[in-house]
Structure formats: C-alpha cells, structure tokens
Amino acid sequence: MIEAKDVGLRYPDGTLALKNIDLRVEPGEIVYITGSNGSGKTSLLKLFMGAEYPTMGSLKVLGQPVVKGQAAAIRQLRMAIGPVFQEFRLIKGRTAMENVMLGMRFLDIPPGQLKKNAGDALVKVGLEHKAHSLVENLSWGESQRVAIARAVARKPALILADEPTGNLDKDNALKILELLTSFKDKKTAVIITTHAPHLIEGEKDAKHIRMEKGSMNWERLG
Amino acid sequence: MKNFFYNAAYFLKEAKTVIRLNLLSNIFSLFSTGLIFFILAMVISCWWISAQVVKAIQEEAEINVFFDESIGDGDVMQLLGKIKGIEGVREVRVVAEDEAYDRMAAILGKEARVLEFFDDNPFSPFIEVKIYLEKMDTVLEELGTLTGIQHVRDNRAVLDRLRNIAGVLNSLGYLVVAAVGISTLVIISHIIRLGIFNNQEPIDTLRLLGAPEFFIAFPFLLVGLLLTLGGGMLAAALAAFALKHVYIQMAGPLPFIPLPPREALVSGMIIVVMSLSAILGIVGSLFGLSSAKSN
Ligand SMILES: Nc1ncnc2c1ncn2[C@@H]1O[C@H](COP(=O)(O)OP(=O)(O)O)[C@@H](O)[C@H]1O
Ligand SMILES: [Mg+2]
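Residues numbered from 1 in each chain as written. Chains lettered and ligands numbered in written order. Predicted model: local features only at pLDDT ≥ 70, side-chain atom pairs only at ≥ 80, totals over all residues. Heavy atoms only, no water.

Student: I'd like a rundown of the overall build of chain A, residues and numbers included.
Tutor: The helix and strand tally for chain A stands at six helices and 10 strands. Its C-alpha atoms give chain A a radius of gyration of 17 Å, near enough to 17 Å, the size a compact globule of 222 residues would have. If you line up chain A on its principal axes, its C-alpha atoms span 45 × 40 × 35 Å. Sequence separation of 24 or more characterises 69% of the internal contacts of chain A that already satisfy a separation of 6 or more. (Helix = DSSP H or I, 4+ residues; strand = E, 2+ residues; numbered from the N terminus. Rg over C-alpha atoms; globule rule 2.2 N^0.38 Å. Contact = heavy atoms within 4.5 Å.)

Written as structure tokens, this is what we have:
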C-alpha cells in the first residue's frame, strides 16, 4: 500500500525535512507516527498524498509512484485517500453536511448515494445533530469530527490523520484515536501522527514509527 | 462527469458564494459590462439602421432628364424609349408639371405655402430615370449622346456623401466592437482572478482531496458567465428602451428616413448582445482562470 525506499525531502528553501525513509505499510494496518514538532511528521504525510514529491529515493502509494509530471495519476491517488488535516481545512460558509458531501462530489459515487454516505459518516463521528450547522459555528472538537467524517465518507483505502489529538486532554485524545482506528478494515490502512507518544502506549495492534529530525525508527508497542 | 447535473446546484451555490465574498467588485463589474454592452447595442443598432438606409437610398439613385419643352409628346415618348434601352436603367417615366408641384408640396409640408407666391407652376416636366447606382457613370455618358435633352440632374453627390458617412459609421462600429470585446475580457478576467485569489484556500483543499481542475474551475466560469449575461440583459433592456425613444423622436421630424421595423431591430439586437456577452463571459473567465493558474 505504501512502499518507501530511502526517501528524502528537501524543501525549496533548503530545509532537509526527511531523510532515509524506508517503510512498508500494508492494507489493514494502523501506523502511528510520533515525534516532536518539526521532526517531519506532516512532511511525511504530504508525501503520501502527493502534496510534495520526494527529492530523493522512491515512493509508491497505492501502486502509484509519487513523482512530478503525473498530475492526473496523482489526482487519482488523492481521490483514494482520506486526509484529516492538522488545521482541518473545512470550507467556510458551508454546513457540516455540505463539507462532507463536497469531499465526495467528484468521486465515482452514484449521486443518490452522496447524501446517505455523508449522513452515515456524520452519525459515525457522533455529529448528526450538527449536520446543518455552518462549520464556522462549530467548536474545535466538532470541526475535527466533521473533518474526520469528510475523510471517511469517501471510503478511502488510506486514512491519513495529522495530529488529530492536538491539544486535547488525554481522555478526549484517546477517544479520537479510538474513532479513527475504528475505520481500519481489511482493505483500509490508517496512519496517524501525534507529538504525544504516551497516548499510544499499550496499543498492541498497531505499528509505531518515531521521527527524529527527519529520520525514522520503528518502535515496539505493547 | 456523470455527477455533473447532480452537482449543478452545488456549482450555482458556489458561484453565489464567490460573488458574495466580493459583492461590491462584482456589482461594479456587472454595471460596467452592462454599460459597455449598452454602447455596443446602440452601435449595432445604428449599424443596422444605416445599412438599411444606405440600401434604401441606393434604390433612390436617379437621374432627372429635362427636355426642350418645345418638343412634342411623340418626341418625348421616343426619348423615353431610347433612355429605357440604356444599360443600367431600371425604370423610366415622365413626371408632369403638376406632379412635380405636388411632390415639392409634399416635401415642404407646412412650408408649402411658399409655393402659393408663384402665379404659375414654377416646375417643368422631366423624365425620371431610376438607375442602378453603380451604373451612374455609363448612364450619364449615354444620355450625353442623345438629342433633345436640355440638361440632366443627378443625385450622385448626395448619395456618395451618404455612402461615405455610412462607411465611417461602419469602421467606427468595428472599433467600438473591438473596444467592447477587449474591455469585457479585461473586466471579467480580473474579477475571476480576484475570486480565485479570495478562494485560494478552499481551492487548495479541493486539490488535496483530488478534485478535478474542471470541478474546481466551473463555479468561476459560471460567475463570469452570470456577470456578463447580467450585464448583457441590463444593456439589452436599456437599449430597447433607448431605441423606442429614438424611433419616436425620428418618426416626427424625419418621416422619410426608411428605418427598419423596430421589433425586428430590437430582437436582433438582443440576440447579438446576449450571445456576445455569453461568449465574452466564458472567454474572459477562461483568461482569468489561466492567468490565476500561471501565478
Ligand atoms: N513548506 C516548507 N518549506 C520549508 N520548510 C518546511 C516546509 N514545511 C515544513 N518545513 C520544515 O520541515 C521540517 C519538518 O516540518 P513538519 O513536517 O511540519 O514537522 P512536524 O509535522 O513533525 O511538526 C521543519 O523544520 C519545518 O520547518
Ligand atoms: Mg505537523
């Protein structure tokens, strides 16, 4: 599902954000990526969704090489991913429902199915009562749930959640992680970044990558 | 895209949001495109009117042949026959003194009183020769070879001047059409660019979600189209109103100007203005989209 070989990323300003990334992620896996701020977690997710391209090594996501000059194929790749951005990136002036539907309008989903899938996703994140609220009127936690609903309603093969635990207290952080990991199934992998490694202690069914200054280490969980 | 129709409502709503985000600029664009389309509508109407007038005037191309009043009726008929035989002549007939008087009275209208100062009919009979305008020279030449003609009078000078005026009007029209086209394109592409810059964040989000460029761009295309169509409608309404008044104004003092029927003129003008505004709206939005993209 993801195959990275000696991948590195140097931003145009010269910052070396990632180096020597070697990893495989298979369908049905949960992968946690931890590391302090600036260690390269977001950059790694950006590579996975084709928002940045590796400047070293080779990367394949869902069989698609992440390389420049293949705009159409990269777009197809993005369609198969459910991203939950660190800043959510909800579209203002629209309701929660509309935001969730917007993520699906250009996918191969029969028109009649759009509303149903969106509604189901909002139920799953426990936000059906806010379906028709404008997103700018939602709390931080509610906005996050809309962002998660938008990602999972697309029935993606790969869910990428960037720092979903944010500044949440431990209880709420654990609830969000539980929600996100519940979308794992035989065909769907879930990758979650967090700067709080203590949150994932005791997670036996998951893999753990620790990032440090752009390099990665596999860690043992459980 | 098979979801296109399902998404139509979304596209419209999105276009509305784009307009609302910059309401003032959009209203300004609507009115300025309306204004320039109004100018365009008036120029096009003037074009058609002048084309119609020129055509009608060319059919008025005629030569009046004055003959010696001493010659008998038989000679006049003979002369008539010969003139009829000249190539380029459409119609020949004798205008008697009385008819000449009546015609002048009709042209003078209320001022016909001046004719009453004459004791006798001051007009002479003449042969009216309707011709094809482009054959004017050869007809005049042939007439010179005929005997019994005292003098001829033609209205070529007047016709030529009218034709020149129509020609100038024509080139002015092309200039205005070009100016309208360019300014509409500039206004619309600017407003679309502005809309895109104001929506950069949602656009980037849609890209990250894998939305096709077409899906992202369509609402902006719609905005450009709505603005120019709105401007076109505004202009068409204004122009229809203006033409009504022009016709009323001209019907009184200038009854002899052969205006085309107003309904046909107005509906033709509306069709031209609306289709031009649609085309310019789409092309302008495309310009705006591509210039925003290259930034
Ligand atoms: N667009 C960018 N241009 C240049 N440097 C960047 C950019 N994005 C991130 N960086 C740098 O790359 C490094 C890794 O950043 P990031 O991936 O955001 O880390 P994390 O998500 O773990 O906090 C940091 O040093 C950051 O300053
Ligand atoms: Mg980050």
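Student: How would you explain unusual backbone geometry if you had to name every residue and give the values?
Tutor: All names here are of chain A. A positive phi angle is found at Phe88, which is not glycine, with a value near 70°. Residue position: Phe88 is located in the loop between β6 (81-84) and α3 (96-102). For Phe88, a relative accessible area of 9% translates into the label buried. We note that Lys155 has phi near 50°; this positive angle belongs to a residue other than glycine. Tracing the chain through its elements places Lys155 in the loop between α5 (140-153) and β7 (158-161). (Buried < 20%, exposed > 50% of the residue type's maximum accessible area, 1.4 Å probe, protein only.)

Student: Got a sec to walk through helix α8 (residues 213-251) of chain B? Specific residues and values, please.
Tutor: The end-to-end C-alpha distance of α8(B), which contains 39 residues, comes to 55 Å, matching closely the 57 Å that a straight helix rising 1.5 Å per residue would cover. When the local axis directions of α8(B) are compared, the greatest deviation, roughly 25°, occurs at B:Pro219. (Expected span 1.5 Å × (residues − 1). Bend = angle between axes of the 7 residues up to and from the residue.)

Student: I'd like a rundown of the coordination of the magnesium ion (ligand 2), residues and numbers included.
Tutor: All names here are of chain A. Protein-derived coordination of the magnesium ion (ligand 2) comes from Thr42 (OG1) and Gln86 (OE1), at a distance range of 2.0 to 2.8 Å. You can see Thr42 sitting in helix α1 (residues 41-48) and its partner Gln86 sitting in the loop between β6 and α3, a full 44 residues away along the chain. A relative accessible area of 33% places Gln86 in the partly exposed class. (Donors = N, O, S within 2.8 Å, 3.2 Å for Na, K, Ca; no water.)

Student: Give a description of the pairing of strand β9 (residues 207-212) of chain A that names residues and reports values.
Tutor: Residues and elements named next belong to chain A. Where strand β3 (residues 30-34) meets β9, four bridges bridge the pair, whose relative direction is parallel. Its bridge partner lying in β9, Val31 is registered against Lys207. Bridging between β9 and strand β10 (residues 215-219) involves five bridges; their strand directions are antiparallel. Considered in β10, the bridge of Met211 is made with Met216. (Pairing = 2+ DSSP bridges.)

Student: So, the packing of helix α4 (residues 111-124) of chain A against α5(A): which residues are in play, and what are the values?
Tutor: Residue and element names in this part refer to chain A. Put simply, α4 and α5 touch, their axes get as near as 9 Å, and they point 135° apart. What the angle tells us is that α4 and α5 run oblique. Once α4 is placed against α5, the crossing between them reads as right-handed. Across the interface between the two elements, Asn117, Ala121 and Leu122 of α4 pack against Ala149, Val152 and Ala153 of α5. (Axes fitted to C-alpha atoms, helices over the stretch in contact; angles between N-to-C directions. Parallel < 35°, antiparallel > 145°, perpendicular 65-115°, else oblique. Left-handed = near helix turned anticlockwise from the far one by under 90°.)

Student: Tell me about the interface of chain B and chain A, and name the residues and values.
Tutor: Each partner contributes residues to the interface: chain B has 20 residues there, and chain A has 23 residues. Summed over both sides, the interface of chain B with chain A buries roughly 2,100 Å², with 58% coming from carbon and sulfur. The interface formed by chain B and chain A contains two salt bridges. Here A:Arg94 and B:Glu14 are joined by a salt bridge, their closest N and O atoms 2.4 Å apart. Contributing elements (two or more residues each) for the side of chain B that touches chain A: α1 (4-21) and α7 (200-208) of chain B. At seven residues, α7(B) tops the list of elements feeding residues into the side of chain B that touches chain A. Here the residues of the side of chain B that touches chain A sort into nine nonpolar, five polar and six charged. (Buried area = accessible area lost by both parts, 1.4 Å probe. Salt bridge = Lys/Arg side-chain N within 4 Å of Asp/Glu carboxyl O. Nonpolar A, V, L, I, M, F, W, Y, C, P; charged D, E, K, R; others polar.)

Student: So, the environment of B:Lys110: which residues are in play, and what are the values?
Tutor: Residue and element names in this part refer to chain B. By the secondary structure assignment, Lys110 is in the loop between α4 (97-108) and β3 (126-131). Classification of Lys110 as exposed rests on a relative accessible area of 77%. Separated by 67 residues in the primary sequence, Lys110 and Val43 place their C-alpha atoms 34 Å from one another.

Student: Quick rundown of the nonpolar core? Include the residues and the values.
Tutor: For soluble globular proteins, nonpolar side chains are generally found buried alongside one another. Of all hydrophobic cores here, the largest spans 70 residues; its most connected members are A:Val100, A:Met104, A:Leu122 and A:Ile148. With nine residues, the top contributor of residues to this core is α8(B). By size, the runner-up hydrophobic cluster in this structure holds 43 residues, among which are B:Ile44, B:Leu243, B:Val266 and B:Val273. (Core = buried A, V, L, I, M, F, W, Y, C linked by side-chain atoms within 4.5 Å.)

Student: Explain the sheet that holds β6(A) to me, and be specific about the residues and the numbers.
Tutor: Strands belonging to one sheet form pairs held by backbone hydrogen bonds; the direction of such a pair is parallel or antiparallel. Residues and elements named next belong to chain A. Within the open sheet, the six strands sit side by side as β6-β7-β8-β3-β9-β10. Their pairing is mixed. The sheet is open, and its two borders are formed by β6 and β10, each paired with just one other strand. Between one strand axis and the next, the sheet turns by 20° as a mean value, whatever way the strands run. Note: β6 against β7, four bridges, orientation parallel. Bridge assignment links Val84 to a residue of β7, and that residue is Ala161. Where helix α6 (residues 170-181) meets the sheet, it contacts β3, β7 and β8 (189-194), and its direction lies at approximately 160° from that of β8.

Student: How would you summarise the site of ligand 1 if you had to cite specific residues and measurements?
Tutor: Residues and elements named next belong to chain A. All residues in the neighbourhood of ligand 1 are listed as Tyr11, Asp13, Thr15, Ala17, Ser36, Asn37, Gly38, Ser39, Gly40, Lys41, Thr42 and Ser43. The contact in question runs from a nitrogen atom of ligand 1 to an N or O atom on the side chain of Tyr11, over 3.5 Å. Separating an oxygen atom of ligand 1 from a backbone N or O atom of Lys41 is a distance of 2.9 Å. Relative to its unbound accessible area of 560 Å², ligand 1 is 66% covered by the protein chains. At three residues, the largest contribution of residues to the shell around ligand 1 is made by α1. Class assignment for the residues of the shell around ligand 1 results in two nonpolar, eight polar and two charged. (Near = heavy atom within 4 Å. Polar contact = N/O pair within 3.5 Å; in protein donor to acceptor, adjacent residues only side chain to side chain. Areas by Shrake-Rupley, 256 points an atom, 1.4 Å probe, with all protein chains shown as cover.)

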